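# Observations on the three-dimensional arrangement
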Amino acid sequence: MHLLVCIKQVPDSGQIRVHPVTNTIMRQGVPTIINPYDLFALEAALELRDQFGGEVTVLTMGPPSAEDSLRKALTFGADRAVLLTDRFFAGADPLATTYALATAIRRISSEFGAPDIVFTGKQTIDGDTAQVGPGIAKRLGLFQLTYVGKISALDLHARTIDVERRSEGGVQLLRTRLPCLVTMLEATNQIRRGAMADALRAARATILKWSAQQAGVDDISQCGLRGSPTVVKRVFAPAARNEKATMIEPDEQPAEALINAIFRCRPALEIELAALARGY
Amino acid sequence: MNTASEIGASPSSRAAAKKQLSDRFKTYKHVWVFIEQERGQVHSVSWELMGVGRKLADKLKVDLAAVVIGQEGEASQAAATESFCYGADLVYMVADDLLKDYRNESYIKALTKLVNSYKPEILLLGATTLGRDLAGSVATTLRTGLTADCTELDVDADGSLAATRPTFGGSLLCTIYTLNYRPQMATVRPRVMPVPERCARPIGRIITLPLGLVEDDIVTKVLSFLPDRDSARSNLAYADVVVAGGLGLGSSENFRLVRRLADVLGAEFGCSRPLVQKGWVTSDRQIGQTGKTIRPKLYIAAGISGAIQHRVGVDGADLIVAINTERNAPIFEFSHLGIVEDAIRLLPILTEAFRARLSPHSRDRIAG
């Protein structure tokens, strides 16, 4: 069985700072990590490989430094890593990203066999769009299972997969046919740390680096900035609120001071809350 | 969209792009809102979108249409009728029993068929699990732009949709255009936009299209659906009062203090992201960029420092009250009322003080 996991190297968003004057992202010293949701996807793929045999390929598109994330994925136990890197990919929006990744997956298919399942995280923590998974599925004609919390069954003979998919207000149990694309939620499974043998292998492993041409891109105008229908016109920091919080300076009884301040601000709240309280 | 490389690399070159709409897109008119139904219920994000959709349509002087896709019968009819009450000029509908449950394949077919037949210039969907699943597929099918999780939508001087969304976990906002492709697609998170006032309106025009699929055409099957138990289904996004806790609580045991205050106030409880990461609270209670967006009348944040990711989720609250030991905590930059106190110490006495203040007994006494 061939499992393919798309990962993205992202800045650790908790540590991002915005320059106070220029409103640009200050990247210096901000560490990069594998998008956390992609780690759940990688773990799901590794668990299936451990159970059913086969191999796991990890794929990313990014600058040459994204190699670090691929090597990390190899230390967790992935078998092969592919880095899609080319200046033509710069500035890609989700549609252009799915074009490049789908092209690379076709090349991987012809070299190493078509993947039975393509995995991604449900979204990245920098872009947050959740569009790339569905876009890849559409371009490759794969059945699409998003927001998957659990793969409950896989039947390689019948070529079917059953999953639990999170939806509004409940969980859908879906069955579809392979090959398919799965986007993973923060599942309850533990992310493995990786064995020493894998770490040693990863340190020596060769990472396949493909340019647009090597990946088989036949229409460069669909890549990067040129291939992106969306245009970022303006980037700005959220407006600061005009006034800061009114600070309550309690003397003896902070709780009463706070409650009085709340009801002074919103007198109607007291009536509504009292009505709610009578219900209890 | 708005990936690290993209914003760092070339905001200016992307901003330089001009609107040069090809002739085939010039016939695309009107604003559409996808009305999301799940098991016969319309998700309220759809009515929130009707409010902003109406504003965009009025600016462009075009019609606002609701798109109803679902099972044939009463529920879809009711969704269509209700759409008129929330401002739709007309409704496009694909109703078929194969659309009873959401499945990507059948819904893509229905929505792309409608778009290709009736050509909207703007198409809005809720950024729910259903809406995001569908929007990503449809945008790729139509090879058009999609701006996800918008917090603000407007129409520019040249009639283009200006879609503003947080990026980098909320530390920045960016305004995105789909200049030369149609439709211009956007998703909006639940609770970011207010629900417009509902008005009783006469039934309007409903335009229907057949789905044109049989069950065997759809590979994916829904084996079953397990609704969340009532206890697991939080009403967090729609609660009038929310009490939330953060790392300042110190331990998972202390989170009980938040739940007790919430109980006394008849409120929902929530938390900031680190508490979910630590496993103290389940992820459905997380408030913020990667969790839920809330718009309560009163929001009490106890021991939450107020990272920008958290702010994104609570900016719509009417009154934000912050309790934090650190006078310089960022939460005091966007809360309305603040108190520098240890939440662990303050929460229990605050709970008791609220209980006393709000109990019928004390009110009677005050009245007497």
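Residues numbered from 1 in each chain as written. Chains lettered and ligands numbered in written order. Predicted model: local features only at pLDDT ≥ 70, side-chain atom pairs only at ≥ 80, totals over all residues. Heavy atoms only, no water.

Turning next to the overall build of chain B. Check the secondary structure of chain B and you find 12 helices and 18 strands. If one aligns the C-alpha atoms of chain B with their principal axes, the spans along those axes are about 65 × 50 × 45 Å. Counting across all 368 residues of chain B, residues that qualify as buried make up 58%. Relative to all contacts within chain B whose residues are 6 or more apart in sequence, the contacts with residues 24 or more apart total 68%. (Helix = DSSP H or I, 4+ residues; strand = E, 2+ residues; numbered from the N terminus. Buried < 20%, exposed > 50% of the residue type's maximum accessible area, 1.4 Å probe, protein only. Contact = heavy atoms within 4.5 Å.)

Moving on to the domain arrangement of chain B. Residue and element names in this part refer to chain B. On domain assignment, one finds that chain B holds domain 1 (2-217) and domain 2 (236-355). Relative placement of domain 1 and domain 2: their C-alpha centres are 33 Å apart. Each partner contributes residues to the interface: domain 1 has 14 residues there, and domain 2 has 11 residues. Of the roughly 1000 Å² buried between domain 1 and domain 2, counting both surfaces, carbon and sulfur atoms make up 45%. Looking only at domain 1, the three residues that lose the most surface to domain 2 are Gly-169, Arg-189 and Arg-191, adding up to 59% of its buried area. Across the contact surface, domain 1 and domain 2 share zero salt bridges. Linking domain 1 with domain 2 are eight residue pairs in polar contact (both at pLDDT 80 or more), by the criterion used here. Considering only residue class, the side of domain 1 that touches domain 2 consists of six nonpolar, five polar and three charged. (Domains from an automatic or database assignment. Buried area = accessible area lost by both parts, 1.4 Å probe. Salt bridge = Lys/Arg side-chain N within 4 Å of Asp/Glu carboxyl O. Polar contact = N/O pair within 3.5 Å; in protein donor to acceptor, adjacent residues only side chain to side chain. Nonpolar A, V, L, I, M, F, W, Y, C, P; charged D, E, K, R; others polar.)

This part is about the interface of chain B and chain A. Taken together, the 107 residues of chain B in the interface contact 89 residues of chain A. Between chain B and chain A lies a buried interface of about 8800 Å² when both sides are counted; carbon and sulfur atoms form 59% of it. At the surface where chain B touches chain A, the tally comes to seven salt bridges. The interface formed by chain B and chain A holds 37 residue pairs in polar contact (both at pLDDT 80 or more) in total. In terms of residue count, helix H6 (residues 129-142) of chain B provides more of the side of chain B that touches chain A than any other element does, nine residues in total. Relative to strand E10 (residues 172-177) of chain B, strand E14 (residues 231-236) of chain A runs antiparallel, the two sharing five bridges. Bridged to Val231(A) within E10(B) is Tyr177(B). (Pairing = 2+ DSSP bridges.)

Here, the residues flagged by UniProt with the feature "domain: Electron transfer flavoprotein alpha/beta-subunit N-terminal" (unreviewed entry) are residues 31-222 of chain B. Helix makes up 30% of residues 31-222 of chain B and strand makes up 31%, while its end C-alpha atoms are separated by 32 Å. (UniProt positions renumbered as here; feature names shortened; annotations may be inferred.)

What follows covers the pattern of salt bridges. With the rule as written, the count across this model stands at 35 salt bridges over all chains. For Asp162(A), the salt bridge goes to Arg175(A), with nearest N and O atoms at 2.7 Å. Taken together, the positions of Asp162(A) in strand E10 (residues 160-167) and Arg175(A) in strand E11 (residues 170-177) put the pair 13 residues apart, joining distant regions of the chain. The partner of Glu341(B) in a salt bridge is Arg345(B), and the shortest N-O contact between them spans 2.8 Å.

What follows deals with the sheet that holds strand E14 (residues 241-245) of chain B. Ordered in space as E15(A)-E18(B)-E17(B)-E16(B)-E14(B)-E15(B), the six strands form an open sheet in which the pairing is parallel. In this open sheet, the two strands that pair with only one neighbour each are strand E15 (246-248) of chain A together with strand E15 (268-271) of chain B. Neighbouring strand axes in the sheet, compared pairwise and without regard to direction, differ in orientation by 20° on average. (Axes fitted to C-alpha atoms, helices over the stretch in contact; angles between N-to-C directions.)

This part is about the pairing of strand E5 (residues 90-95) of chain B. Residues and elements named next belong to chain B. In terms of residue burial, E5 counts as a mostly covered element, since five of its six residues are buried. Across six bridges, the pairing between strand E4 (residues 64-70) and E5 is parallel. By the bridge assignment for E5, Val-67 is matched with Tyr-92. Considered for its hand, the β-α-β crossover made up of E4, helix H4 (residues 74-85) and E5 is right-handed. (Right-handed = clockwise from strand over helix to strand, strands pointing away.)

Let us look at the sheet that holds E4(B). Residues and elements named next belong to chain B. Judged by pairing direction, the sheet is parallel, and its seven strands sit side by side in the order E7-E11-E6-E1-E4-E5-E12 without closing on themselves. Edge positions in the sheet fall to strand E7 (146-150) and strand E12 (205-208), since each of these pairs with one other strand and no more. Ignoring which end each strand starts from, the neighbouring axes of this sheet average 25° apart. Here H4 sits on the sheet and contacts strand E1 (31-35), E4, E5 and E12; the angle it forms with E5, its principal contact strand, is near 165°. Lying on the sheet, helix H5 (residues 104-118) is in contact with E1, E4, E5, strand E6 (122-126) and E12; it crosses E4 at an angle near 150°.

Per the stated rule, a full pass over the model turns up eight aromatic pairs over all chains. Ring geometry for Phe25(B) versus Tyr28(B): centroids 5.5 Å apart, planes at 70°, classification edge-to-face. Just as Phe25(B) is buried, Tyr28(B) falls in that class too. Three or more aromatic residues link up through ring pairs in this structure, and these residues are Phe25(B), Tyr28(B) and Tyr181(B). Sitting above the plane of the Phe112(A) ring, Arg80(A) keeps its charged end 3.7 Å from the centroid. (Phe/Tyr/Trp six-rings, centres within 6.5 Å; stacked < 30°, edge-to-face > 60°. Lys NZ or Arg CZ within 6 Å of the ring centre and 35° of its normal.)

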